[in-house]
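Chain by chain, the residues run as shown.
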Amino acid sequence: MSLSRSLLAASVVGIATAQSRTTVKVFVPSDPNTRVLVPDVYGYSIEPVWLDSYTNTSLASALLETIANVTGKAPPIRVGGNTADQTFLYPSSPLTGNDSVALPDPLNAKTFNITPHWFDTWASYFPAGTDFIYTLNFADNASAWANAVAQAEAAHAGLGDSLVAFELGNEIDHFINKGWRDASWGVKTYTEQFRNLTGQITSSGWYQALATPSDDGNIGEVRKKRVPTFQAGVFADPPLVPDQHDEIDDFSIANLTSAGIASQPAEQKIISSYATHLYPQSTCDTARWYRLSLDLLSNHSVLWQNVSQYIPQVAAADTAGAPLVMGETNSASCSGRSGISDTFGAALWGIDYVLTAASLGIEKVYFHLGAQSEYSAFTPLPYALKNETLAPGIRANWYTHYFVARVVRYVGGSHSCRSTQGSSDRDGFRIAALPGANSSSLSGFAIYGNETSHDGSSRASMGGALRKLVFLEMGVWNGTEGLSNPSTLAATDGTMFSQGMRPITSFEVSTPWPRGAEVTVVRLTAPGTNAKSNVSVAGTMFDDVTGDAIVRTEGAHVGDEHSEIIRVGAEGVLKFDVPRAEAVLLELGTHTQAVCGGDGQSGDNGGSVPKVSGISRNAMHWNLLEFVVSINAAWVLIF
């Protein structure tokens, strides 16, 4: 990455205004190492005791339906969390007559009682084609896991083919600290107990019936029903962060696989993935609470250090024949912190997180949701928190998901390629991080087609042409607008602001794309890193009550909107500007109609003059006169 600096100045009634501008030159490698980027790379993990709150309103359903329509695949849902190991199945509720009851209440639950019918109550709430992972109570082994075995059967009876996998327990590397296992608990004992419980489930009558091909009623046709598999591991502690380890043990995906948990073909067949959890910050204790920082969260170098520690775990999972997923995550453990978790900075972090993880081979990332959690991207019901009453609604970090949906969207397929066949369809794209866009405030990714052989090659040249580019300008810019959101704590609204004008990064990206080719630009924008509202993707916002998308690009549908169209310049160089704290997606030849009022016009330098699509963006209203003077590599401002 090469940098040069200039200053933009304007003189209005004798007063000069300066704006910092940095030029970044990025070269897209011709043959980078890539990993698969699946259409359902972004999922949700929902705490069991809060599931009823989400399904009692239409907000989550509407939001997830929009994602499914854009990507062609519904987001995966993992129902799990701390209360999974406190969940008990009863034929009917002995206390209230309801299908679920959290005791003493969802916020302070010590026990969560459910009936088999509970699964029916939410089975059809989510979009068609949703893949469910359900976490069984692994902590309770008093009766040889009879409760977990019964839950597995009831879950499949209610969810049917939507149930793709079970987890055995949540964060099992905390079981000693919670008093659920003794000091001998480790990889060896876990593997023995994993085999015991999975063996009971897979040998049960309902499971065996699924594994046997059966006549589906059509003469001469036999189909094999979808059989739930298992997501192994489910570890909480990051490998290289000792102060986040709750106990001393040997749990890691590398240790688990080397110990032989999938050493037999039958075991490899039932283990479909391995899961770890990650929270880069925490509110769980005083020491970590004082280290909470939005500036550190929205920092690519810090994120890279957090995620790259899982590279050996990815390799171990790959060798064992199943992908690694981040099965539960968010910005800060113990429900997050308003003013950090619910800001635009967290939205940028989320994009960088998902795409960085994918580029390293972590196939999916599940963001945790609680109906009263400060990190939740959307909350379904009003609730009281810290002497305030918060409204239901959508937070800034929801727009992470919508932007990522645009990244993984197939051109021309957003309304016609909807898949209901589950995650076994892994076509998608391939992704590589760009080495020329890699600093604390800059992150970039190249997205390639995935049209050729399925031989597992990780080379872009074997996976298709360059289709898209993503750049995140993650420098901190604290603005004065969009500071509040009725679904977040008013006490955490921004009070410290950046001075001067919002800086700009001018990109010059060398691509293999032909000169004159049209490239659509999709921008994720907000007034600043500290913004809690006024966030949009190419001008599109979402209604806080209904969850409906409000598209502002004239003539565009949800998933088709864009901010402007530019053209590739000479020698494949693509030029565009990005204000500080903003993300851009660039797609080659994706627009199907002229929604920007005409074709882009090439400039003398082979670049382009972007066309505005009618949306309001401060960056497009700058009307300043540039004066750039260079003296011995020092830049001076002319008034």
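Residues numbered from 1 in each chain as written. Predicted model: local features only at pLDDT ≥ 70, side-chain atom pairs only at ≥ 80, totals over all residues. Heavy atoms only, no water.

A few words on the overall build of the protein chain. Scanning the protein chain from terminus to terminus reveals 14 helices and 35 strands. Split into buried and exposed, the 639 residues of the protein chain put 57% on the buried side. A separation of at least 24 residues holds for 76% of the contacts in the protein chain among residues at least 6 apart in sequence. Surface accessibility of the protein chain: about 24900 Å² in total, with carbon and sulfur atoms responsible for 52%. (Helix = DSSP H or I, 4+ residues; strand = E, 2+ residues; numbered from the N terminus. Buried < 20%, exposed > 50% of the residue type's maximum accessible area, 1.4 Å probe, protein only. Contact = heavy atoms within 4.5 Å. Areas by Shrake-Rupley, 256 points an atom, 1.4 Å probe, with all protein chains shown as cover.)

Here the focus is the side chain of Asp237. Structurally, Asp237 can be placed in the loop between β13 (229-235) and α7 (253-258). As a buried residue without a salt bridge, Asp237 has its nearest oppositely charged side chain in Arg288, at a separation of 7.4 Å. Within the local environment of Asp237, its side chain forms a polar contact with the side chain of His174, the two groups lying 2.8 Å apart. (Lys, Arg positive; Asp, Glu negative; His and termini not counted. Salt bridge = Lys/Arg side-chain N within 4 Å of Asp/Glu carboxyl O. Polar contact = N/O pair within 3.5 Å; in protein donor to acceptor, adjacent residues only side chain to side chain.)

Before going further, it helps to examine the state of the cysteines. Applying the stated criterion across every chain yields a total of one disulfide. Covalently, Cys284 is tied to Cys334 through a disulfide, its sulfur atoms 1.9 Å apart. The sign of the S-S torsion, about 105 degrees, decides the handedness of the disulfide formed by Cys284 and Cys334: right-handed. One end of the pair, Cys284, is in the loop between β15 (281-282) and α9 (286-289); the other, Cys334, is in the loop between β17 (332-333) and α13 (344-360), with 50 residues separating them in the sequence. For Cys284, a relative accessible area of 36% gives the class partly exposed. (Disulfide = S-S within 2.5 Å.)

In terms of nonpolar packing, the biggest core is built from 129 residues, with Tyr274 and Phe378 touching the most fellow members. Counting residues per element, this core draws most heavily on α13, at 12 residues. What Phe378 contacts, discounting residues up to four positions off in sequence, is Tyr44, Tyr54, Leu59, Ala60, Leu63, Leu369, Gly393, Ile394 and Trp398. Formed by 25 residues, the second largest nonpolar core is a distinct cluster that contains Leu442, Leu466, Phe507 and Ala517. (Core = buried A, V, L, I, M, F, W, Y, C linked by side-chain atoms within 4.5 Å.)

Let's shift gears to the sheet that holds strand β8 (residues 111-114). The mixed open sheet is built from three strands, whose spatial order is β6-β8-β7. Sheet topology places β6 (87-89) and β7 (100-103) at the edges, where each strand pairs with a single neighbour. When the angles between neighbouring strand axes are averaged without regard to direction, this sheet yields 20 degrees. Both β6 and β8 contribute to a ladder of three bridges, which runs parallel. The residue of β8 that forms the bridge with Leu89 is Ile114. (Pairing = 2+ DSSP bridges. Axes fitted to C-alpha atoms, helices over the stretch in contact; angles between N-to-C directions.)

What follows covers the packing of aromatic side chains. Enumeration over the complete set of coordinates arrives at 41 aromatic pairs. Here the aromatic rings of Phe138 and Trp185 are separated by 6.4 Å at their centres, their planes lie at 55 degrees, and the arrangement is tilted. Of this pair, Phe138 sits in the loop between β9 (132-136) and α4 (146-159) while Trp185 sits in the loop between β10 (163-168) and α5 (187-202), placing them 47 residues apart in sequence. Across the pair, Trp185 and Phe138 agree in class, each one buried. With centroids separated by 5.5 Å and ring planes inclined at 85 degrees, the aromatic side chains of Trp398 and Phe542 adopt a geometry described as edge-to-face. One end of the pair, Trp398, is in helix α14 (residues 398-408); the other, Phe542, is in strand β29 (residues 541-542), and 144 residues separate them in sequence. We classify Trp398 as buried; its relative accessible area is 0%. Of the residues examined, Phe542 reaches a relative accessible area of 5% and is grouped as buried. (Phe/Tyr/Trp six-rings, centres within 6.5 Å; stacked < 30°, edge-to-face > 60°.)

Before going further, it helps to examine helix α12 (residues 311-320). Within α12 the residues assigned to the buried category are Gln313, Val314, Ala316, Ala317 and Ala320. Buried residues of α12 fall within an arc of 165 degrees about the axis and therefore sit on the same side. (Arc of directions from axis to C-beta.)

Before going further, it helps to spend a moment on the side chain of Thr276. For Thr276, the position within the fold is in strand β14 (residues 271-278). With a relative accessible area of 5%, Thr276 lands in the buried category. Setting aside residues no more than four positions away along its own chain, Thr276 makes contact with Phe235, Ile253, Tyr310, Leu324, Val325, Met326, Gly327 and Glu328.

Let us look at the environment of Ala183. As for its position among the elements, Ala183 is in the loop between β10 and α5. Expressed as a C-alpha distance, the spacing of Ala183 and Asp249, which sit 66 residues apart in the sequence, is 8.7 Å.

Attention now goes to helix α2 (residues 59-71). Here α2 spans 19 Å end to end across 13 residues, near enough to the 18 Å set by a 1.5 Å rise per residue. Here α2 lies mainly inside the structure; 11 of its 13 residues are buried. Taken from the residues just after α2, Gly72 is the one with a positive phi, measuring 85 degrees. (Expected span 1.5 Å × (residues − 1).)

Here we take up the layout of surface pockets. Space inside the largest pocket adds up to approximately 940 Å³. Residues that form the lining of the largest pocket fall into these classes: 13 nonpolar, 14 polar and eight charged. (1 Å grid on protein atoms, 1.4 Å probe; cavity = no way out; pocket = protein on both sides within 12 Å on 5 of 7 lines; lining within 4 Å. Points joined across faces, edges and corners; volume = space filled by probe spheres on them. Nonpolar A, V, L, I, M, F, W, Y, C, P; charged D, E, K, R; others polar.)

Spatially, the eight strands close up into a barrel ordered β4-β5-β9-β10-β13-β14-β16-β18, and their pairing is parallel. On average, adjacent strands in this sheet sit at an angle of 25 degrees to one another, irrespective of strand direction. Of the strand pairs in this sheet, β13 and β14 are connected by five bridges, and their pairing is parallel. Counterpart to Phe230 in the pairing with β14 is Ile271.

Turning our attention to the confidence of the model for the protein chain. Overall, the prediction assigns the protein chain a mean pLDDT of 84, with 81% of residues at 70 or greater. The low-confidence segment residues 453-463, where pLDDT is below 50, has 23 contacts with residues more than four positions distant or belonging to other chains. Segment residues 591-639: pLDDT under 50, and 108 contacts once partners within four positions in sequence are set aside and those in other chains are kept. (pLDDT = per-residue confidence, 0-100.)

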